[in-house]
Amino acid sequence: MFCAQMVHLALQAAAAQPLLAVKVIQVDQFTDVGMAHGVLGVPTTIMEPGLVRFSGFIPGPYFATHVLSAAITPPR
Amino acid sequence: MSYLSNQDEDAIAQRLSALPYGVAITIEGSPDDHYFAETLDLISYLTALNPEKVSYTARVNASGVKVAMHSDETPDLDIAFWGVPSGLEFTSLMDAISLYGGMPYEIDSMMLELLGQLATSVTASIFVTPT
């Protein structure tokens, strides 16, 4: 349930901000991608280029703050 | 294959007919991948509910099933689904189609204000399961 909620929020954000791209990845069908990113549970959100990551559902303003952090955090 | 009850089919058909703009869906995958066949079946079922508003094309790609959308009227949207958008993700797919199709959406005002400060591109990858 949290997966769909998180995706819904991210899609709203993408509609509001054209600089934000969203990929929804079924980790059971892309296990190699999930393992490469160290995904241990769902939903896990990873933002690039700053490699910001969090798990679970978070409120919209927190999500937007993470987006801004991902834009300014140097890639690791 | 019918994925929905008659009532849900009607509701989705109405939702699609309300789209201001048409949406083109692109499905990529390998013909050897059963997920690709499953996705083709699902998307062809969905587009058959309103072929005037939603259409699809399929492309061969060996790197797994990927579903993307496009509308000339909403060219800045960049949303993609990796894997079969079934289960709860079908709802997410419908949300995405609605956005590409120009349907209005609600967003938290503080979130909108913060997103307005973004000056460079960011990609959010959300890892999910269909349940």
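For the structure, check the block above.
Rules and cut-offs
Residues numbered from 1 in each chain as written. Chains lettered and ligands numbered in written order. Predicted model: local features only at pLDDT ≥ 70, side-chain atom pairs only at ≥ 80, totals over all residues. Heavy atoms only, no water. Axes fitted to C-alpha atoms, helices over the stretch in contact; angles between N-to-C directions. Helix = DSSP H or I, 4+ residues; strand = E, 2+ residues; numbered from the N terminus. Parallel < 35°, antiparallel > 145°, perpendicular 65-115°, else oblique. Left-handed = near helix turned anticlockwise from the far one by under 90°. Contact = heavy atoms within 4.5 Å. Nonpolar A, V, L, I, M, F, W, Y, C, P; charged D, E, K, R; others polar. Buried area = accessible area lost by both parts, 1.4 Å probe. Salt bridge = Lys/Arg side-chain N within 4 Å of Asp/Glu carboxyl O. Polar contact = N/O pair within 3.5 Å; in protein donor to acceptor, adjacent residues only side chain to side chain. Pairing = 2+ DSSP bridges. Expected span 1.5 Å × (residues − 1). Buried < 20%, exposed > 50% of the residue type's maximum accessible area, 1.4 Å probe, protein only.

(A) Structural detail: the packing of helix α1 (residues 6–17) of chain B against helix α3 (residues 88–100) of chain B. Residue and element names in this part refer to chain B. Packing of α1 against α3 leaves a shortest axis separation of 10 Å and a crossing angle of 20 degrees. When the axes of α1 and α3 are compared, the pair comes out roughly parallel. Helix-helix and strand crossings are classified by hand; for α1 and α3 the assignment is left-handed. Between α1 and α3, the contacting residues are Ile12, Arg15 and Leu16 on the first element and Phe90, Met94, Asp95, Ile97 and Ser98 on the second. Looking at the contact of α1 with α3, its residues break down into five nonpolar, one polar and two charged.

(B) Layout of the interface of chain A and chain B. Taken together, the contacts link 49 residues of chain A with 46 residues of chain B. Contact with chain B buries area across many residues of chain A, yet Leu19, Lys23 and Gln26 of chain A alone supply 14% of it, more than any other trio. Between the two partners, chain A and chain B, sit zero salt bridges. Along the contact surface separating chain A from chain B lie 23 residue pairs in polar contact (both at pLDDT 80 or more). Mapped by element, the contributors of at least two residues to the side of chain A that touches chain B are α1 (2–16), β1 (20–26), α2 (31–36), β2 (44–48) and α3 (60–72) of chain A. Taken together, the residues of the side of chain A that touches chain B break down into 35 nonpolar, 11 polar and three charged. In this sheet, strand β5 (residues 122–128) of chain B lies alongside β2 of chain A in antiparallel orientation, the contact comprising five bridges. When the bridges of β5 of chain B are listed, threonine 44 of chain A appears paired with phenylalanine 127 of chain B.

(C) Just the side chain of glutamine 12 of chain A, in detail. Examined against the element boundaries, glutamine 12 of chain A turns out to sit in helix α1. Residues within four places of glutamine 12 of chain A in sequence aside, it is in contact with Leu99, Tyr105, Glu106 and Ile107 of chain B.

(D) Representation of α3 of chain B within the structure. Residue and element names in this part refer to chain B. If you check α3, its first and last C-alpha atoms are 19 Å apart, about what 13 residues at 1.5 Å a residue would give, namely 18 Å. The element α3 is largely enclosed, with a buried count of 11 among its 13 residues. Looking at α3, one finds that the buried residues are Glu89, Phe90, Ser92, Leu93, Met94, Asp95, Ala96, Ile97, Ser98, Leu99 and Tyr100. Once α3 ends, the next one or two residues include glycine 102, with phi positive near 85 degrees.

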